[in-house]
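If you want the building blocks of each chain, they are given just below.
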Amino acid sequence: MQKLAECVELGKINKTSPFPPQMKGQNGADELTKEALETGLSADQVLAALVEGMGIIGDKFSAGKVYVPNMLMAAKAMSAAMMHLKPYFSSGEVKRKGIFVIGTVFGDLHDIGKNLVAMTVEGAGWEVIDLGADVKSDKFIETIEKHPDCVVGLSALLTTTMGNMETVVKEIKAKYPDKAIIVGGAPLTQEFSDKIGASGYSSNPQGAVKLINTLVE
Ligand code: B1M
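Residues numbered from 1 in each chain as written. Predicted model: local features only at pLDDT ≥ 70, side-chain atom pairs only at ≥ 80, totals over all residues. Heavy atoms only, no water.

**Description of the coordination of the cobalt atom of the ligand**
- Donation to the cobalt atom of the ligand from the protein comes from one atom only, His110 (NE2), at 2.2 Å.
- Within the secondary structure layout, His110 lies in the loop between strand S1 (99-104) and helix H5 (112-123). (Donors = N, O, S within 2.8 Å, 3.2 Å for Na, K, Ca; no water. Helix = DSSP H or I, 4+ residues; strand = E, 2+ residues; numbered from the N terminus.)

**A closer look at the pattern of salt bridges**
- This structure, assessed with the given rule, holds eight salt bridges.
- A salt bridge links Glu142 to Lys139; the shortest N-O distance between them is 3.8 Å. One end of the pair, Glu142, and the other, Lys139, are both in helix H6 (residues 137-146), three residues apart, so they sit about a helical turn from each other.
- Assessed through its relative accessible area of 37%, Glu142 is described here as partly exposed.
- Overall, the relative accessible area of 39% leaves Lys139 in the partly exposed class.
- We note a salt bridge from Glu145 to Lys175, for which the minimum N-O separation is 2.9 Å. Highlighted residues: Glu145 in helix H6 and Lys175 in helix H7 (residues 159-175), separated in sequence by 30 residues. (Salt bridge = Lys/Arg side-chain N within 4 Å of Asp/Glu carboxyl O. Buried < 20%, exposed > 50% of the residue type's maximum accessible area, 1.4 Å probe, protein only.)

**Focus: the nonpolar core**
- Of all hydrophobic cores here, the largest spans 26 residues; its most connected members are Leu4, Val46, Leu47, Leu50, Met78, Met82 and Leu85.
- Counting residues per element, this core draws most heavily on helix H4 (residues 68-89), which supplies nine residues.
- Residue assignment places this core across two domains, with domain 1 (2-91) and domain 2 (99-216) each supplying three or more.
- Look past the residues within four positions of Met78 in its chain and what remains in contact with it is Val8, Leu47, Leu50, Val51, Met54 and Ile112. (Core = buried A, V, L, I, M, F, W, Y, C linked by side-chain atoms within 4.5 Å. Domains from an automatic or database assignment. Contact = heavy atoms within 4.5 Å.)

**A closer look at the sheet that holds S1**
- Taken together, five strands build an open sheet; the order of strands is S2-S1-S3-S4-S5 and the sheet is parallel. Two strands bound the open sheet, and with one partner strand each, they are strand S2 (127-130) and strand S5 (200-201).
- Taken together, the two bridges between strand S4 (residues 181-184) and S5 define a ladder with parallel strand orientation. Bridge pairing links Val183 to Tyr201 in S5.
- Seen against the sheet, H5 touches S1, S2 and strand S3 (151-155) and runs at an angle of roughly 170° to S1.
- Docked against the sheet, helix H9 (residues 205-216) engages S1, S3, S4 and S5, running at close to 165° with respect to S4. (Pairing = 2+ DSSP bridges. Axes fitted to C-alpha atoms, helices over the stretch in contact; angles between N-to-C directions.)

**Considerations on H6**
- Listed in full, the buried residues belonging to H6 are Ser137, Phe140, Ile141, Thr143 and Ile144. Buried positions in H6, seen along its axis, are confined to an arc of 165° and lie on one side of it. For H6, exposure combined with an orientation more than 90 degrees from the buried face picks out Asp138 and Lys146.
- Buried positions along H6 lie against S1, S2, S3 and H7. (Arc of directions from axis to C-beta.)

**What to know about the domain arrangement of the protein chain**
- Each assigned domain of the protein chain is listed with its residue range as follows: domain 1 (2-91) and domain 2 (99-216).
- The C-alpha centroid of domain 2 is placed 26 Å from the C-alpha centroid of domain 1.
- Taken together, the contacts link 10 residues of domain 1 with seven residues of domain 2.
- Between domain 1 and domain 2 lies a buried interface of about 790 Å² when both sides are counted; carbon and sulfur atoms form 76% of it.
- Area buried by domain 1 at its contact with domain 2 is led by Met82, Phe89 and Ser90, which between them contribute 59% of it.
- Lys86 is paired through a salt bridge with Glu122; the nearest N and O atoms lie 3.7 Å apart.
- Here domain 1 and domain 2 share one residue pair in polar contact (both at pLDDT 80 or more) between them.
- When residues of the side of domain 1 that touches domain 2 are traced back to their parent elements, those giving at least two are helix H3 (43-62) and H4.
- Of all the elements, H4 adds the most residues to the side of domain 1 that touches domain 2, at six residues.
- In the side of domain 1 that touches domain 2, the residues fall into six nonpolar, three polar and one charged. (Buried area = accessible area lost by both parts, 1.4 Å probe. Polar contact = N/O pair within 3.5 Å; in protein donor to acceptor, adjacent residues only side chain to side chain. Nonpolar A, V, L, I, M, F, W, Y, C, P; charged D, E, K, R; others polar.)

See below:
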């Protein structure tokens, strides 16, 4: 698992990827994830290693030891690994508890955490409409118009885009005052969620599932 965390940290996507040069020809996050799952490790154990690698590269970025391209390569390695995890998280048996519309708010390109939430909610029996990253209020509103009973999920990873999240909540609520909107993302808190008038906050995908199930009961 340490090797897998290292692949994410260093941005080693797969065996054929040339970056980083010191790992040329070695297996990357893609192959190691597949192997780990085949040898019986749980999806949660594998995910923990991936998140550990992300945490390390994030800390190095904070310390000025690596740059944006390094974070980008780490994200690519993690996304390659997540392709193998998807079936484990999104294999819900009972389909269609309702529709969950999720997106990362405008100005914010971080989508890995949002993707994990989407997969987990799907696995818990919801139909998920994933609007992607950098999503403006209009797009959410347009989707709500088509699916009036949906629950909305907003993600933000930057302190600077938390304000945009507030805008999205306000603009949705202006048209749909009772719309259930849950929020999450590393810099958020329950206090912030309360302040912007969201229906609920969760720091993790499992909590998001519990929240949306409660909101539609
Ligand atoms: Co960026 N980045 N980044 N980055 N990046 C962070 C977030 C940062 C903390 C790094 C650091 O400084 N240590 C920092 C933010 C600082 C701050 O605002 N406080 C930062 C910065 C500064 C930036 C740029 C501004 C850098 C620059 O250009 N100078 C820039 C901004 C671009 C933009 O968005 N406009 C930028 C760019 C990028 C990349 C594009 C290179 C890349 C993202 C690629 C992608 O996502 N496709 C990237 C990455 C990879 C990171 C780090 C390293 C990893 C993020 C991640 O994927 N984590 C990150 C540092 C870190 O997190 N350690 C960092 C793993 C993921 C599983 O966790 O996303 O937290 P997370 O999701 C969790 C929970 O938060 C929760 O569940 C998930 C699973 O547990 N959750 C929800 C998330 N959404 C939820 C929604 C819910 C419920 C729970 O309900 C709806």
